[in-house]
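Examining the three-dimensional arrangement
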Amino acid sequence: MMSMVDGRAMEAQFEAFRVQLDDSGAVRERLRTVVADLDNVIRMMQASLLPVHHATLQGKEVLDKAKSYIPSLQKIYSQLSEIIRERPGQYYRYHDHWRSQTHTVVFLLAFVHWLDTQGLLSHREVETLLNVKSEEFSIDIEDYLIGLCNVSNELPRYVVNRVTAGDYDCPRQVSAFLSDLFSAFRILNLRNDLLRKRFDGLKYDLKKVEEVLYDVKIRGLMSTQATANPMES
Amino acid sequence: MASEDIAERALGKKPRIMAEESPLQSKFQEIGRALDLMNEKRERLVKASRDITIHSKKVIFAVHRVSGINKTAMLEQAERDLSAVRTNQVTRLAKELQGNDYWKFRRAYSPGLQEFVEAATTVEFVKSGQLLTLQQLNQSFANIKDAANKPFEVSIPDYILGVGDLTGELMRLAVSGIAAGERQAAISVCNLIRGLYEGFSMLPALQDNIRDWKTKSDVMLQSLIKVETACYNVHVRGLEYPPEMLASEFEYGEDDL
């Protein structure tokens, strides 16, 4: 016959679990507070970038204004990494708290960088800008890639507005960049997840930009010195 | 150049996508390798998890076949089978993980570990009538090391969810116990489930698996009510009631996936 269940041992175990789960809940609460600040900075930085779509001149002040939020981002990411550093190995337990925000942060940094240099901001450069590279807290590679997809999504609108503002060389630059980015993404073996879905959207961005390029080109609006279209090679 | 390309294809190497790589593309080559390694690891973990599930389920089925006569021999066999799952599949799983991987890939391997917890706690209950604690379970993992040679442990969420499934098994044991005339056993099971349910009720919602948590808490209460009803029937109608009829009221089914 079975002995009676040791109720006290069981209760003690559940009590220990409760303490540990409450502790984990407190970590989530702290993260939520920090991420609320992150949301604010992201919103401000995003708003500061909006003029690139309508400013008649390529605004250096616009970019400077956007970049002025980077120190705030650094501060917030250092707070996040401090919280996570107290929980070694548990980065991905709490990753969901800052995941979608990080997509937007990568987008903002990479878009500003592209506007500035016409080049792609690398994963390592994102980490340098945010000052987060460490064993316990780094920027997840898939988050970085999703952020880049957001950059691609933004470019068709940007091109349309630049052309309207009379910048007829912009479509060529953007289409060269996007087709380079698109073929780079094609190197990756993606599984069926969010990133894959976002990648599938890239070709529509490229198509829209190419349509604008076509419009500008057949009307002879582009400057003469560089007519080589990277897509024709 | 072209013939080299063909030779490479013949050797099964990845064909180059473009003759000339832009700097951007070579950066993505690096990212691609990292993603491939990650996805391969995830696949291996899913497979290990599935193997753990299959073997653990076999142990649970075997425990349900235990009856008075063959109890000792069958329990010994079940323990040997569990220990084989530990040394083979769980060890294989642990070797894939280190540092941040444990939580990163948890979704890939967690179902297997939960099933193992369910099997191990079921065996322990039939053997001693006690709940196998997380601490005892992790002690049985003492020889299992992860890729960084640190001890591999079952996390609290996986243990809790596995124990949640245990209640379903206990319910079946209680019902078949009543059918076999072991009324005292049913009461003992009823007490354990009640204790578990009380324990679960005082825990904060499991944020790590919020959906599983809600369904399992519901299923747990259902199992408890079934066992309580069975105990009630036996108590009120006593021995006049043919045990087989009681058993037939509680169909096997639904429960674990």
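Just so we're clear, the structure is a prediction, and the values are computed from it rather than from any experiment.

**Digging into the domain arrangement of chain B**
Residues and elements named next belong to chain B. As far as domains go, chain B holds domain 1 (52-135 + 144-153) and domain 2 (155-251). For domain 1 versus domain 2, the separation of C-alpha centres amounts to 21 Å. Domain 1 puts 20 residues into the contact, and the matching count from domain 2 is 21 residues. Of the roughly 1800 Å² buried between domain 1 and domain 2 on both sides combined, carbon and sulfur atoms contribute 63%. Applying the counting criterion to the domain 1 and domain 2 interface returns one salt bridge. When the shortest N-O distance is used, the salt bridge between Asp 158 and Arg 106 registers 2.8 Å. Of all elements in the fold, only α2 (23-64), α4 (101-104) and α5 (106-128) reach the threshold of two or more residues within the side of domain 1 that touches domain 2.

**Observations regarding empty space enclosed by the protein**
Throughout the structure, instances matching the rule amount to two cavities of 30 Å³ or more. For the lining of the second largest cavity, a count of residues per class yields three nonpolar, two polar and three charged.

**A few points about the interface of chain A and chain B**
Contacts between the two partners involve 45 residues from chain A and, on the opposite side, 49 residues from chain B. The tally of links between chain A and chain B comes to three salt bridges. A salt bridge links Glu 30 of chain B to Arg 124 of chain A; its shortest N-O distance comes to 3.2 Å. If you look at where chain A meets chain B, you find nine residue pairs in polar contact (both at pLDDT 80 or more). Of all the secondary structure elements, the ones that give two or more residues to the side of chain A that touches chain B are α1 (7-49), α4 (91-94), α7 (141-164) and α8 (170-186) of chain A. Sort the elements by how many residues they give to the side of chain A that touches chain B and α1 of chain A lands first, with 11 residues. Across the side of chain A that touches chain B, the residue classes tally to 22 nonpolar, eight polar and 15 charged.

**A closer look at unusual backbone geometry**
Residue and element names in this part refer to chain A. The phi dihedral of Gln 118 falls on the positive side, at around 65°, and the residue is not glycine. Mapped onto the fold, Gln 118 is located in the loop between α5 (99-117) and α6 (123-130). Its identity as a non-glycine residue notwithstanding, Asn 131 has a phi of 60°, on the positive side. As for its position among the elements, Asn 131 is in the loop between α6 and α7.

**Some remarks on the packing of helix α3 (residues 71-94) of chain B against α5 of chain B**
The geometry of a pair of packed helices is captured by two quantities: the angle between their axes and the separation between those axes. Residues and elements named next belong to chain B. Packing of α3 against α5 brings their axes to within 11 Å, and their N-to-C directions diverge by 155°. Between α3 and α5, the crossing angle belongs to the class labelled roughly antiparallel. Considering only the axes of α3 and α5, their crossing is left-handed. Packed against α3, whose contacting residues are Lys 71, Leu 75, Ala 78, Glu 79, Leu 82, Val 85, Arg 86 and Leu 93, the element α5 presents Tyr 109, Phe 116, Ala 119, Ala 120, Val 123, Val 126 and Lys 127 at the interface.

**Points about the pattern of salt bridges**
Summed over all chains, the structure comprises 28 salt bridges over all chains. With its nearest N and O atoms 3.4 Å apart, the salt bridge here joins Asp 143 of chain A to Arg 99 of chain A. Taken together, the residues Asp 143 of chain A in helix α7 and Arg 99 of chain A in helix α5 connect sequence positions 44 residues apart. Arg 44 of chain B is the partner of Glu 96 of chain B in a salt bridge, and the nearest nitrogen-oxygen pair spans 2.7 Å. With Glu 96 of chain B in the loop between α3 and α4 and Arg 44 of chain B in helix α2, this residue pair connects regions lying 52 residues apart in the sequence. Shared partners join several salt bridges into a network, and the residues in it are Asp 23, Arg 30, Glu 86 and Arg 87 of chain A.

**As for the packing of α1 of chain A against helix α2 (residues 60-67) of chain A**
All names here are of chain A. Relative to each other, α1 and α2 sit at 175°, their axes nearing to 8 Å. In terms of orientation, α1 lies roughly antiparallel with respect to α2. Facing Met 45, Ser 48 and Leu 49 of α1, the residues of α2 in contact are Val 62, Leu 63, Lys 65 and Ala 66. Of the residues belonging to the contact of α1 with α2, the class tally is five nonpolar, one polar and one charged.

**Quick look at the packing of aromatic side chains**
Residues and elements named next belong to chain B. Following the criterion strictly, the structure yields 21 aromatic pairs over all chains and no others. Between the aromatic rings of Phe 116 and Phe 141, the centroid separation amounts to 5.6 Å while the plane-to-plane angle is 45°, which identifies the pairing as tilted. In this pair, Phe 116 sits in helix α5 while Phe 141 sits in the loop between α6 (134-140) and α7 (156-179), placing the two residues 25 residues apart along the sequence. There is no split in this pair, since Phe 116 and Phe 141 are both buried. Their ring planes at 5° and their centres at 5.6 Å tell us that Phe 200 and Trp 213 sit as a pair that is stacked. Linking Phe 200 in helix α8 (residues 183-201) with Trp 213 in helix α9 (residues 210-237), this pair joins segments that are 13 residues apart in sequence.

**Considering the side chain of Ser 223 of chain B**
Mapped onto the elements of the fold, Ser 223 of chain B is located in helix α9. Not counting residues up to four positions away in its chain, the partners in contact with Ser 223 of chain B are Thr 167, Gly 168 and Met 171 of chain B.

**Overview of the nonpolar core**
Of all hydrophobic cores here, the largest spans 145 residues; its most connected members are Phe 185 of chain A together with Phe 28 of chain B. Two domains each provide a minimum of three residues to this core, namely domain 1 (52-135 + 144-153) and domain 2 (155-251) of chain B. Non-local contacts of Phe 185 of chain A, meaning those with residues more than four positions away in its chain, are made with Leu 145, Leu 148, Cys 149, Leu 195, Phe 199 and Leu 202 of chain A together with Phe 28 of chain B.

**Details of α8 of chain A**
Its 17 residues give α8 of chain A an end-to-end C-alpha distance of 24 Å, which sits within 8% of 24 Å, the value for a rise of 1.5 Å per residue. Of all 17 residues that make up α8 of chain A, 14 are buried, and the element is covered over most of its length.

**A look at the side chain of Thr 102 of chain A**
Residue and element names in this part refer to chain A. Note that Thr 102 resides in helix α5. Taking the relative accessible area as the measure of exposure, Thr 102 reaches 1% and is therefore buried. Residues contacting Thr 102, with those up to four places away along its chain left out, are Tyr 77, Ile 139 and Asp 143.

Rules used in this analysis
- Residues numbered from 1 in each chain as written.
- Chains lettered and ligands numbered in written order.
- Predicted model: local features only at pLDDT ≥ 70, side-chain atom pairs only at ≥ 80, totals over all residues.
- Heavy atoms only, no water.
- Domains from an automatic or database assignment.
- Contact = heavy atoms within 4.5 Å.
- Buried area = accessible area lost by both parts, 1.4 Å probe.
- Salt bridge = Lys/Arg side-chain N within 4 Å of Asp/Glu carboxyl O.
- Helix = DSSP H or I, 4+ residues; strand = E, 2+ residues; numbered from the N terminus.
- 1 Å grid on protein atoms, 1.4 Å probe; cavity = no way out; pocket = protein on both sides within 12 Å on 5 of 7 lines; lining within 4 Å.
- Points joined across faces, edges and corners; volume = space filled by probe spheres on them.
- Nonpolar A, V, L, I, M, F, W, Y, C, P; charged D, E, K, R; others polar.
- Polar contact = N/O pair within 3.5 Å; in protein donor to acceptor, adjacent residues only side chain to side chain.
- Axes fitted to C-alpha atoms, helices over the stretch in contact; angles between N-to-C directions.
- Parallel < 35°, antiparallel > 145°, perpendicular 65-115°, else oblique.
- Left-handed = near helix turned anticlockwise from the far one by under 90°.
- Phe/Tyr/Trp six-rings, centres within 6.5 Å; stacked < 30°, edge-to-face > 60°.
- Buried < 20%, exposed > 50% of the residue type's maximum accessible area, 1.4 Å probe, protein only.
- Core = buried A, V, L, I, M, F, W, Y, C linked by side-chain atoms within 4.5 Å.
- Expected span 1.5 Å × (residues − 1).

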